[in-house]
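Coordinate inspection notes
So the chains spell out like this:
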Amino acid sequence: MNVLEFLHTRQSNPHLQGNTPEQGIIDNILKAGMRVPDHAGLTPWRFTVVKDEGLTKLSKAFKSATISDGGDEAKIEKAAKMPFRAPLIIVISTKFHQHVKVPKQEQLIAAGCAVHAMQMAATCLDLGSVWRTGEMSYHPLVKERLNIELHEEIVGFLYIGEETKELPLKSSKGFEEYVSYF
Ligand SMILES: Cc1cc2nc3c(=O)[nH]c(=O)nc-3n(C[C@H](O)[C@H](O)[C@H](O)COP(=O)(O)O)c2cc1C
């Protein structure tokens, strides 16, 4: 498949499991995240790799956060299970810098590009992945447990693993109604 075909057909897969990807695979994914457009070269992102015992620690963080919000038993149980939906999660967060030419929003966008680049790298490495956020990504307790400062943003939890279910190729949205020429 050439790169254009790849871009035209990429899609997520939330059905993930299998072994923890080897370190070489993880490194290649992280390397793709580092290659994104970055105004003034600020590197306004941080990647936190969560695997093995880290998944249990993240589960405990999600559970504590849900308890602190007064969630019921079902919600607490659901939150605690979330990190086990894949053997590897990369948490992408911002690392905002003060810069006269680069407002925060550009730095947030660059961090988002890193998520997308890593998702595409995972696909190239024959792994499935899905970009998730949800309540837990905005929760101060979760940030604290992940050593992410409260004024930073969690841009995504990128769940990565072997695909346990092959999904049919979705049809592409047409671009015409979203495009105008000036
Ligand atoms: C910033 C962001 C946050 C997202 N958060 C979630 C999420 O919490 N849960 C979810 O099921 N999908 C979430 N998605 C959407 C999925 O990653 C995915 O793009 C969507 O299911 C469509 O599938 P596709 O990527 O195959 O087109 C998010 C996407 C983005 C860009």
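Residues numbered from 1 in each chain as written. Predicted model: local features only at pLDDT ≥ 70, side-chain atom pairs only at ≥ 80, totals over all residues.

So, the packing of helix α2 (residues 23-33) against helix α5 (residues 104-124)
The test is simple: Axis definition: a line fit to C-alpha positions, over the contact stretch in the case of helices; interaxial angles, taken between N-to-C directions, run 0 to 180 degrees. A run of DSSP states H or I qualifies as a helix once it reaches four residues; a run of E qualifies as a strand once it reaches two. Both are numbered from the N-terminal end. The hand of a helix crossing depends on one turn: near helix anticlockwise from the far one by less than a right angle means left-handed, and clockwise means right-handed. Our contact criterion uses C-beta atoms placed from the backbone: two residues qualify when those atoms are within 7 Å. Amino acids outside the nonpolar list (Ala, Val, Leu, Ile, Met, Phe, Trp, Tyr, Cys, Pro) and the charged list (Asp, Glu, Lys, Arg) are all regarded as polar, and Gly is one of them.
Taken N-terminus to C-terminus, the directions of α2 and α5 make an angle of 145°; their axes are 7 Å apart at the nearest point. Handedness of the α2/α5 crossing: right-handed. On the side of α2, the interface is formed by N28, I29, A32 and G33, while α5 contributes A114, A117, M118, M120, A121 and A122. Considering only residue class, the contact of α2 with α5 consists of 8 nonpolar, 2 polar and no charged.

Structural notes on the UniProt feature "binding site: FMN" (unreviewed entry) in the chain
The criterion, for reference: UniProt positions are given in the numbering used here, feature names are shortened, and annotations may be inferred rather than shown by experiment.
Sites flagged by UniProt as "binding site: FMN" (unreviewed entry) map to R10, Q11, S12, R35, H39, W131, R132 and T133. Separation in sequence by 124 residues is matched in space for these annotated residues, since their most distant C-alpha atoms are 27.6 Å apart. Locating Q11 in the fold gives a position in the loop between α1 (3-9) and β1 (16-17). Setting aside its immediate chain neighbours within four residues, Q11 contacts L167 and K170.

Points about the site of the ligand
The cut-off we apply is this: Near, as applied to residues and a molecule or strand, means the residue's backbone-placed C-beta atom lies within 6 Å of it.
Looking at the ligand, the residues that line it are Q11, S12, V130, W131, R132, T133, G134 and G156. The dominant element in the shell around the ligand, judged by the number of residues it contributes, is strand β4 (residues 128-132), at 3 residues. Residues that form the shell around the ligand fall into these classes: 2 nonpolar, 5 polar and 1 charged.

Considerations on the environment of R132
Here R132 is to be found in strand β4. Separated by 85 residues in sequence, R132 and F47 have C-alpha atoms that sit 15 Å apart. In contact with R132, other than residues within four places in its own chain, are G156, F157 and Y159.

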